[in-house]
Amino acid sequence: MAAQLIDGKVLAQQVRDRLAQESAELLAKKGIVPGLATILVGDDPASHVYVKNKQKACEMAGIYVDDHKLPASTSQAELLALIEKKNADPKIHGILVQLPLPKHIDSKVILEAVSPLKDADGFHPYNFGRLVEGHPVFEACTPKGVIKMIESSGVSIEGKRAVVVGRSNIVGKPLALMLLQRNATVTICHSKTKDLPAVCREADLLLVAIGKAKFVTADMVREGAVVIDVGTNKTPEGKLCGDVDFESVRQKAGWISPVPGGVGPMTIAMLLENTVESAKRAAGLK
Ligand code: NDP
């Protein structure tokens, strides 16, 4: 039987509707509008599209957007000065610095300059460290969205064998920690993992974030597993596709998320959620 679909678009819309309600309540009770500063440096067309989509979603959820588009020639010092200003601005509860930054700017320095209390993307080492300890404040948006997608299937995470393929600081590692925090038994795989198909076949929960089109095939999947595909790749025809070979794997898995319409929309929804939660903390409501 074909797997049930975990529809990221539908789930994300539910989150966004709830956040719109929460923003309205925050305004009514405390006179506070959640605010997100978006900072984009340079003219990478894909980054412009991503930021525009995030801004549109913010506006629909009652989040004020403080938009900063800077030329590619912006110096690191100028960018740091802007971040300092936003760190100190009480109207701003989240700061998004769109990556990648131009080569002459050190992303690590920039991301560490964002106040950990306004780190809506959850990339600051302080928040990463809190996650390692098991006491997260801001959680990185993509892995946070993946957790919500697993939970939406009704399959409990506790006690399950989870295999995370990919170990980046923004997806694989934080996702593995979030699963561990929820009492899964977690294996992290990467490009040096031996016999990856055999490891993947042990997974009740198979989470894939490697950036290789249709890499995970049905023979790597346990019957009935929950499969979440984080990958975003282009097919030779220019279509968007994931790291999982959706058509073959859906015949074997119990639940599966598509690309597009899976993790992508949930990542944006989690950015909004982090911003609204931050505004609530600032208002003393959390
Ligand atoms: P990175 O390139 O930073 O990391 C890729 C990881 O995959 C690395 O840990 C690498 O291993 C591992 N890997 C690569 N090839 C293999 C292989 N053959 N077998 C096993 N492991 C392998 O990628 P990101 O984590 O940033 O992104 C992963 C994918 O997710 C990309 O397609 C990206 O576009 C997508 N993405 C989607 C988002 C969304 O919102 N939908 C958000 C973020 C990312 P090693 O460490 O050994 O090199």
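Conventions used here
- Per-chain numbering applies: the sequence of each chain, read as written, is numbered from 1 onward.
- Predicted model: local features are reported for residues with pLDDT of at least 70 only, side-chain atom pairs are reported and counted for 80 or more only, and whole-chain, interface and lining totals are derived from all residues.
- With hydrogens and water excluded, all non-hydrogen atoms of the structure serve as input to the side-chain values.
- Strand pairing is assigned whenever DSSP identifies at least 2 bridges connecting the two strands.
- A run of H or I in DSSP becomes a helix once it reaches four residues, and a run of E becomes a strand once it reaches two; helices and strands are each numbered from the N terminus.
- Residue contacts are defined here by distance: any two heavy atoms, one from each residue, within 4.5 Å place the two residues in contact.
- Here an axis means a line fitted to C-alpha atoms, over the contact stretch when the element is a helix, while the angle between two N-to-C directions is reported on a 0 to 180 degree scale.
- Each patch is built from residues that are more than 30% exposed by relative accessible area and take part in no salt bridge. Like charges join if they lie within 9 Å; nonpolar side chains (Val, Leu, Ile, Met, Phe, Trp, Tyr) join within 5 Å.
- Areas reported as accessible are Shrake-Rupley estimates using a 1.4 Å probe. Residue values count occlusion only from the protein chains shown.
- By convention in these notes, a salt bridge is any Lys or Arg side-chain nitrogen within 4 Å of a carboxyl oxygen on Asp or Glu.
- Segment limits for the domains were obtained from an automatic or database-derived domain assignment.
- Nonpolar cores were defined as sets of buried Ala, Val, Leu, Ile, Met, Phe, Trp, Tyr and Cys residues, with membership established by side-chain atoms within 4.5 Å.
- Residue exposure (1.4 Å probe, protein chains only): buried if accessible area is under 20% of the type maximum, exposed if over 50%, otherwise partly exposed.
- The cutoff for a nearby residue is simple: one of its non-hydrogen atoms must lie within 4 Å of the molecule or strand.
- The term polar contact refers here to a pair of N or O atoms within 3.5 Å; inside protein, the definition further demands a hydrogen-donor-capable atom paired with an acceptor-capable atom, and it admits residues adjacent in sequence only when both atoms are side-chain atoms.
- Each residue gets one of three labels, nonpolar for Ala, Val, Leu, Ile, Met, Phe, Trp, Tyr, Cys and Pro, charged for Asp, Glu, Lys and Arg, and polar for the others, Gly among them.
- Here the expected span of a helix is defined as 1.5 Å times the quantity of residues minus one.

**Description of the sheet that holds strand E1 (residues 4-5)**
At step 1: Here we have six strands laid out as an open sheet, ordered E1-E11-E8-E7-E5-E6, and parallel in their pairing. Unpaired on one side and paired on the other, E1 and strand E6 (185-189) mark the two borders of the sheet.
At step 2: Where strand E7 (residues 205-208) meets strand E8 (residues 226-229), four bridges bridge the pair, whose relative direction is parallel. Note on E8: the bridge partner recorded for valine 208 is aspartate 229.
At step 3: Across the face of the sheet, helix H7 (residues 172-181) comes into contact with strand E5 (161-165), E6 and E7 while running at roughly 170° to E5.

**What to know about a nonpolar patch on the surface**
At step 1: On the surface, Leu27, Val33 and Tyr64 cluster together to form a nonpolar patch covering roughly 250 Å² of accessible area.
At step 2: With respect to the helices and strands, the residue tyrosine 64 is situated in strand E3 (residues 64-70).

**As for the domain arrangement of the chain**
At step 1: As far as domains go, the chain holds domain 1 (31-116) and domain 2 (141-263).
At step 2: Placing a centre on the C-alpha atoms of domain 1 and another on those of domain 2 gives a separation of 29 Å.

**Observations regarding the nonpolar core**
At step 1: With 43 residues, the main nonpolar core has Val146, Ile150, Leu179, Leu205, Leu207 and Ile228 as its most contacted residues.
At step 2: Elements with a minimum of two residues in this core: helix H1 (8-30), helix H2 (45-60), helix H6 (141-152), E5, H7, E7, E8 and helix H10 (263-282).
At step 3: Built from parts of two domains, this core gets at least three residues from each of domain 1 (31-116) and domain 2 (141-263).
At step 4: If near-sequence neighbours (up to four positions away) are discounted, leucine 179 is found in contact with Ile147, Ile150, Ile157, Ala162, Val164, Ala184, Val186, Leu205 and Leu207.
At step 5: Judged by nonpolar contacts, the second largest core, of 19 residues, contains Val165, Met220, Val221 and Ala253.

**Quick word on the site of the ligand**
At step 1: The local shell around the ligand holds 22 residues, among which Arg167, Ser168, Ser191, Lys212 and Thr232 are the closest.
At step 2: Between serine 168 and the ligand, the recorded distance is 2.6 Å, taken from a side-chain N or O atom to an oxygen atom.
At step 3: The contact in question runs from an oxygen atom of the ligand to an N or O atom on the side chain of threonine 267, over 2.9 Å.
At step 4: Coverage of the ligand by the protein chains reaches 70% of its 920 Å² of free accessible surface.
At step 5: Among the elements that take part in the shell around the ligand, H10 stands out by supplying three residues, more than any other.
At step 6: Across the shell around the ligand, the residue classes break down as nine nonpolar, eleven polar and two charged.

**What about the pairing of E7?**
At step 1: Of the two faces of E7, the one holding Leu205 and Leu207 and the one holding Leu206 and Val208 are both buried throughout.
At step 2: Bridge analysis of E5 against E7 gives four bridges, and the strand direction is parallel. Each bridged residue has a counterpart across the sheet, and for valine 163 the counterpart in E7 is leucine 206.

**So, H6**
At step 1: For H6, with twelve residues, the first-to-last C-alpha span of 16 Å sits near the 16 Å given by 1.5 Å per residue.
At step 2: Of all twelve residues making up H6, nine are buried, and the element is well covered by its neighbours.
At step 3: Buried within H6 are the following residues: Cys141, Thr142, Pro143, Lys144, Gly145, Val146, Ile147, Met149 and Ile150.
At step 4: If you follow the buried residues of H6, they end up packed against H1, H7, E7, E8 and H10.

**Topic: the sheet that holds E3**
At step 1: Across the sheet, which stays open at both edges, the three strands sit in the order E3-E2-E4 with parallel pairing between neighbours. Two strands in the sheet have a free side with no partner beyond their single neighbour: E3 and strand E4 (94-97). The sheet shows a mean angle of 15° between the axes of neighbouring strands, taken without regard to direction.
At step 2: Examined bridge by bridge, strand E2 (residues 35-41) and E4 share four bridges and lie parallel to one another. Counterpart to leucine 36 in the pairing with E4 is glycine 94.

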